[in-house]
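# Breakdown of the fold
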Amino acid sequence: MLSVMTRGSRLPCAGRARLRIPVAALFVSLASLARADSGPAAASDRPDESWAAFGQLTNVTQRHGSFRSPYSAANSLAADGPAEETTDATLYAGVRLWRGAELWINPEVDQGFGLSATLGVAGFPSGEAYKIGANAPYLRLPRVFVRQYIALGDAGEHVDAAANQFAYSSAADSLTITAGKFSVVDIFDANRYAHDPRADFMNWALIDAGTFDYAADAWGYTYGAAAELARGPWTMRGGIFQLSPAPNGKITAIDFSQYSLVAELQRRYDWAGRPGSASLLGFVNRGRMGTYADAVELASQSGATPDTASVRRFRLRPGVSLDLEQEIWSGIGVFARAGANDGRFEAYEFTEINKTASAGLSVTGERWGRPQDKLGIGAVVNALSADARKYFSAGGLGILIGDGRLNYGTEQIVELFYSLKLGPHVAVSVDYQHIQNPAYNRDRGPVSVYGLRLHV
């Protein structure tokens, strides 16, 4: 099932006025009209329905405390930056086309900014913050896609309807094909405990492998196609997706002259009678990108600040990651990810992380009488390649980071959240993140980030 994640890009925001929480109230009516978060009752008794509509609204407000900042540059987290908020309201509308085929369209209204215009931390603290923001609400269309499900064996477990998913009977062996506009991480790098910034962790490097430089426009979506072949406990996934015309850019037309290939192999299993899975993912991006070493070398000849844009040409950039999840007791699960990519090249779409390792624990509230509540704690360590360190030490800027200079240290983040279910359709979460060496800089921080999330 395609998830309802978002993530995105940046826009300089100095001098803007901020429109805050009232925006959430403006769109509550949209979410209440649709079957938001309705769960099994949504369509479990209507497997032959020809259309469906769901809705959601999420508001995230974050602020950080004061921290040590002896210097900063264009991409630094502002030491005195204000609190920021993001709001998005989404309609998930679907129709059945023919047997096993579905068409979904997801118009969305967005508003708001991430902390410091979504800059200054490689593992950015809000998965709901885009790299593009606006004071006033604006409409966009992040997803329009067709999915074809083909059972290759007898039908088995019933799957209830949800956003971007009709109810159906799954088969142990099946083929699923998805094509159109959607997010790569709707299908790849999924983890039941850490993947949805509207329901669990919020940090970019916890909800996905930070080294997975997946194809995406400035809001986190792109055109492409993917196939998923399930054979018993195994699932093989593969896809091709359009890269932005330039790193961290906008996609305005379909053009596969620059592209990303992604493959993933997943094995589901039971350990001590508890479900778990292991997934190995690999990707290769082919596009015009610069190397950090070339940029530093060119700048040294002219005395300028290094800029990867000045040395871009067609190259291949690979990466790999491992994803683990395991239930260890009823309502208690653990997860871990690890990844690496070719650190000679600039980050193309996501963020400047060349090596990463994360792990965490997720607990439902049934042990204290609140089974719909959720508690999570996770930690991640991110690292840069040697070439990237030289580039940022010389004053280079990336997608998210660049302090003008660099006293290098690994970026270390711990996140703790508690999600309180207020009713069948409403959850409020409190979130805390401690960031050591933001943007890999020992001279700045540590930073404490406090968050409040409303999800309807």
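Here is what the cut-offs are and how they apply
Residues numbered from 1 in each chain as written. Predicted model: local features only at pLDDT ≥ 70, side-chain atom pairs only at ≥ 80, totals over all residues. Heavy atoms only, no water. Core = buried A, V, L, I, M, F, W, Y, C linked by side-chain atoms within 4.5 Å. Buried < 20%, exposed > 50% of the residue type's maximum accessible area, 1.4 Å probe, protein only. Helix = DSSP H or I, 4+ residues; strand = E, 2+ residues; numbered from the N terminus. Phe/Tyr/Trp six-rings, centres within 6.5 Å; stacked < 30°, edge-to-face > 60°. Axes fitted to C-alpha atoms, helices over the stretch in contact; angles between N-to-C directions. Left-handed = near helix turned anticlockwise from the far one by under 90°. Contact = heavy atoms within 4.5 Å. Nonpolar A, V, L, I, M, F, W, Y, C, P; charged D, E, K, R; others polar. Polar contact = N/O pair within 3.5 Å; in protein donor to acceptor, adjacent residues only side chain to side chain. Arc of directions from axis to C-beta.

### Quick word on the nonpolar core
- Of all hydrophobic cores here, the largest spans 39 residues; its most connected members are Phe 124, Phe 201, Leu 384, Phe 392, Ile 401 and Tyr 440.
- Mapped onto this core, the elements with two or more residues apiece are α2 (204-207), α3 (292-302), β15 (370-383), α4 (386-393), β16 (411-423) and β18 (447-455).
- If you look at the next biggest cluster of nonpolar residues, it comprises 28 residues, including Phe 145, Phe 212, Ala 216 and Val 262.

### Here we look at the packing of aromatic side chains
- Taken as a whole and assessed by the stated rule, the structure comprises 18 aromatic pairs.
- Arranged with centres 5.5 Å apart and planes meeting at 45 degrees, the rings of Phe 212 and Phe 283 form a pair that is tilted. Highlighted residues: Phe 212 in the loop between α2 and β8 (222-231) and Phe 283 in strand β11 (residues 274-289), separated in sequence by 71 residues. Residue Phe 212 shares its accessibility class with Phe 283, and that shared class is buried.
- A centroid spacing of 6.4 Å and a plane angle of 35 degrees characterise the contact between Trp 368 and Tyr 418, whose relative ring orientation is tilted. Taken together, the positions of Trp 368 in the loop between β14 (355-365) and β15 and Tyr 418 in strand β16 put the pair 50 residues apart, joining distant regions of the chain.

### Observations concerning the packing of α3 against α4
- Between α3 and α4, the least distance of the axes is 8 Å, while the angle of their chain directions is 35 degrees. Where α3 crosses over α4, the handedness of that crossing is left-handed. Contact residues: Tyr 292, Ala 293, Ala 295 and Val 296 in α3; Asp 387, Ala 388, Lys 390, Tyr 391 and Phe 392 in α4.
- Tallied by class, residues from the contact of α3 with α4 come to seven nonpolar, no polar and two charged.

### A few points about the environment of Asp 213
- By the element assignment, Asp 213 lies in the loop between α2 and β8.
- Classification of Asp 213 by relative accessible area gives buried; the value is 1%.
- Filtering out sequence-adjacent residues up to four positions away, Asp 213 remains in contact with Phe 283, Asn 285, Arg 317, Ala 347, Tyr 348, Glu 349 and Phe 350.
- Within the structure, Asp 213 has its side chain in polar contact with the backbone nitrogen of Glu 349 (distance 2.8 Å).

### Quick word on α3
- Regarding α3, the residues found buried are Tyr 292, Ala 295 and Ala 299. Seen end-on, α3 carries its buried residues on one side only, within an arc spanning 65 degrees. Across α3 from its buried face, at more than 90 degrees, point the exposed residues Ser 300 and Gln 301.
- On its buried face, α3 sits against α4.
- Taken from the residues just after α3, Gly 303 is the one with a positive phi, measuring 75 degrees.

### What about the environment of Pro 137?
- Following the sequence through the fold, Pro 137 ends up in strand β4 (residues 134-151).
- Placed 25 residues apart in sequence, Pro 137 and Gly 112 show a C-alpha to C-alpha distance of 7.9 Å.

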